Amino acid sequence: MTIAETTVRETGQDFIRDIVRADLASGRHKTIVTRFPPEPNGYLHIGHAKSICLNFGIAEEFGGRCHLRFDDTNPIKEEQEYIEAIKQDVRWLGFDWGEHLYHASDYFEQLYAWAEHLIRAGKAYVDDQTQEEMRATRGTLTEAGTESPYRRRSVAENLDLFRRMRAGEFPNGARVLRAKIDMASGNINLRDPVLYRILHAEHPRTGRAWCIYPSYDFAHGQSDAIEGITHSICTLEFEDHRPLYDWLLDSLPVPSHPHQYEFARLNLTYTVLSKRVLTELVRGGHVTGWDDPRMPTLAGLRRRGVPPTAIRDFVKRIGVAKANSIVDMAMLEFSIREHLNKTARRRMAVLRPLKVVIENYPEGANEEVEALNHPDDPAAGTRRVPFGRELFIEHDDFLENPPKKFFRLAPGREVRLRYAYFITCREVIKNSAGEVTELRCSYDPATKGGNAPDGRKVQATLHWVSAKDSRPAEVRLYNPLFTRPDPNAGSFAADLNSNSLEVLVAVRVEPALFNARAGEAVQFERQGYFCRDSDSTPERLVFNRTVGLRDTWAKVGKSNT
RNA sequence: UGGGGCGUAGCCAAGUGGUAAGGCAGCGGAUUUUGAUUCCGCCAUGCGGAGGUUCGAAUCCUCCCGCCCCAGCCA
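Residues numbered from 1 in each chain as written. Chains lettered and ligands numbered in written order. Predicted model: local features only at pLDDT ≥ 70, side-chain atom pairs only at ≥ 80, totals over all residues. Heavy atoms only, no water.

With respect to the sheet that holds strand β3 (residues 101-103)
And step 1. In space, the three strands of this open sheet follow the order β1-β2-β3, with parallel pairing throughout. One side of each edge strand has no neighbouring strand; the edge strands of this open sheet are β1 (33-36) and β3. Neighbour-to-neighbour, the strand axes of this sheet turn through a mean angle of 35°, independent of strand direction.
And step 2. Relative to β3, strand β2 (residues 65-70) runs parallel, the two sharing three bridges. (Pairing = 2+ DSSP bridges. Helix = DSSP H or I, 4+ residues; strand = E, 2+ residues; numbered from the N terminus. Axes fitted to C-alpha atoms, helices over the stretch in contact; angles between N-to-C directions.)

Here you go:
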């Protein structure tokens, strides 16, 4: 493959970018304008990240622009809190809408005028049927619907009624404005869809100015047209709304006629990406909030320590297509580890401490060893780590009766303490329950720094902390929120993982971690990537495990037992 | 049984008539003061199935099978 071809691949190749490229080449468009149009009724999640990266990414790559537009047409569900959170999350992901921040509600007056235009053209009418009557007359998937008795109202009567709807003369649900299309269409979206409904409700932006609100279908395409969007990209479930999208634009004196393209939304194993379910997880107290580190929300991923670049890399890797799919969580984890491996400073922390006393180490001696901050990046420098007669090592790193391929500490066996000395286990101390509580070891002063002058080798290198110089901390380990790779969104409660949070309260961390900054990723050597949680106080450090390291031994160990 | 889509490896995904990219996972091996990282190698005689067209088919045609979406005054 030539360098040129490689470059093309790197920019990301998918059917939408193919269309954009072709539209540019043919001169159909001079500049590309896309938009990311969230409804402010919840927090953004990683599925939205796919859409954000697609829309802003295309704008970036082709020298166009991408608008951030809040699709705020349903005041009952929307809140200002969500608007602010969404803006923060898009920025965090690394995208900038510049001056192009819009709201569908900015266009309410224009949209209203276009509704009257449709009425005058005989293409819309006020329907007095109840919601139940409308449902009954819509027909079914296989049978045509029947026309409303109000469908043949005069233009004058429709106009009068619609104006009175706007004026607030009628209660919620009394009447709607409907497009007059085709009650027998195979496409149910074309069976006289509702364009406006009466909603006496406070809107986060327009307050009480309106008591009728446009439906998604009436607002979306026209908003696109007003903003000069060239490519209106949405998910697959809107595919059969496209004929309606086009019908409206063709029927109205809009300034442009954008085109809608659909792609498959993201699904992730062991995860649910449905705003309804995420909202229920929060409201039902199954998680601590929208930013709970177990949540697939951008706020949750951020708090967990996932870098935005890892999310962008992940999105690039999964591609954009029209086939429904479920992406393996391992792909996301790979992108996170890949980024963190390059950037995170290395530190030592013992998650489940086991005391080690070095019997031949001088009582009361003070010593520090020099440790690398990053093994592959000399520029990251080194730090001093206090060593001492009493240490903690990981409980998992000792086994009294080690199986065949266990390389770590065992009675009589010698291992290396990273950056320090070789030690040998001399004695195992147990409590009355027979549990190992302490190890008595000896060290070889000649191995300082971690190498034996006589060239002898050890099979394992362990992380450790000094007992008196380390501090206690809390560590939160996260597991998937769901027990099944494909949890049922309809009855998610049954698939909830009761072990999604594991709290370790007796963790010991080295001094370099005492001042860890919130949001700064560190690697706890041999454990994984962590970051200080916002729950931390000066007295009590709390760390989140972002993701563990790949653990080949865990697999070997499992198949061994 | 209506309309709209989609089926390429365990999971994503390129491919648009010239003989199946890439990534993740997995499996071997080398290096290693993280059982990490890094590096090397392996992993679809096959593209939902059956026919057909063609010198040649994942790509074109026919029929069949499977999966997803649509019957909100949600988006």
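That was the structure; now back to the text.
Some words on the protein's contact with RNA strand B
And step 1. Not every one of the 66 residues close to RNA strand B is listed here, only the nearest: Met-331, Arg-346, Arg-408, Gly-449 and Lys-555.
And step 2. Near the protein, meaning within 4 Å, the atoms of RNA strand B are sugar or phosphate in a fraction of 61%, with bases accounting for the rest.
And step 3. Contact distances for RNA strand B include 2.7 Å between a base oxygen and a backbone N or O atom of Arg-526.
And step 4. Elements that contribute at least two residues to the surface near RNA strand B include exactly α6 (131-137), β6 (194-198), α12 (308-318), α13 (329-343) and α14 (552-560).
And step 5. Per-element tally for the surface near RNA strand B: the top contributor is α13, with four residues.
And step 6. Along the lines of polarity and charge, the residues of the surface near RNA strand B split into 22 nonpolar, 21 polar and 23 charged. (Near = heavy atom within 4 Å. Polar contact = N/O pair within 3.5 Å; in protein donor to acceptor, adjacent residues only side chain to side chain. Nonpolar A, V, L, I, M, F, W, Y, C, P; charged D, E, K, R; others polar.)

Quick look at the nonpolar core
And step 1. Counting 37 residues, the largest nonpolar core has Ile-46, Val-90, Ile-311 and Phe-314 as its most contacted members.
And step 2. Elements supplying a minimum of two residues to this core: α3 (46-61), β2, α4 (80-93), α11 (298-304), α12 and α13.
And step 3. With six residues, the top contributor of residues to this core is α3.
And step 4. Composition of this core by domain shows at least three residues from each of domain 1 (31-263) and domain 2 (275-305 + 323-344 + 473-559).
And step 5. In this structure, Ile-311 is in contact with Ile-46, Ala-49, Trp-92, Leu-93, Leu-298, Leu-301 and Val-306, ignoring residues within four places of it in sequence.
And step 6. Grouped together as the second largest cluster of nonpolar side chains are 35 residues, Ala-124, Phe-170, Leu-244 and Leu-252 included. (Core = buried A, V, L, I, M, F, W, Y, C linked by side-chain atoms within 4.5 Å. Buried < 20%, exposed > 50% of the residue type's maximum accessible area, 1.4 Å probe, protein only. Domains from an automatic or database assignment. Contact = heavy atoms within 4.5 Å.)

Regarding the state of the cysteines
And step 1. Following the criterion strictly, the structure yields zero disulfides and no others.
And step 2. For the unlinked cysteine Cys-53, the closest cysteine sulfur is that of Cys-66, found at 11 Å.
And step 3. For Cys-53, a relative accessible area of 11% corresponds to the buried category.
And step 4. Sulfur of Cys-441: no disulfide; nearest cysteine sulfur belongs to Cys-425 and is 4.7 Å away.
And step 5. Under the relative-accessibility criterion, Cys-441 is labelled buried at 0%. (Disulfide = S-S within 2.5 Å.)

Observations concerning the confidence of the model for chain A
And step 1. Taken over all residues, the pLDDT of chain A has a mean of 95, while the share at 70 or more is 97%.
And step 2. The model gives residues 1-11 a pLDDT under 50, and that stretch makes six contacts with residues more than four places away or in other chains.
And step 3. This prediction of the complex comes with two scores: 0.96 for pTM and 0.97 for ipTM. (pLDDT = per-residue confidence, 0-100.)

Topic: unusual backbone geometry
And step 1. Phi is positive for Asp-192, close to 50°, though the residue is something other than glycine.
And step 2. Relative to the helices and strands, Asp-192 resides in the loop between β5 (176-179) and β6.
And step 3. Phi at Arg-526 takes a positive value of approximately 70°, unusual for a residue other than glycine.
And step 4. Relative to the helices and strands, Arg-526 resides in the loop between β23 (521-524) and β24 (528-532).

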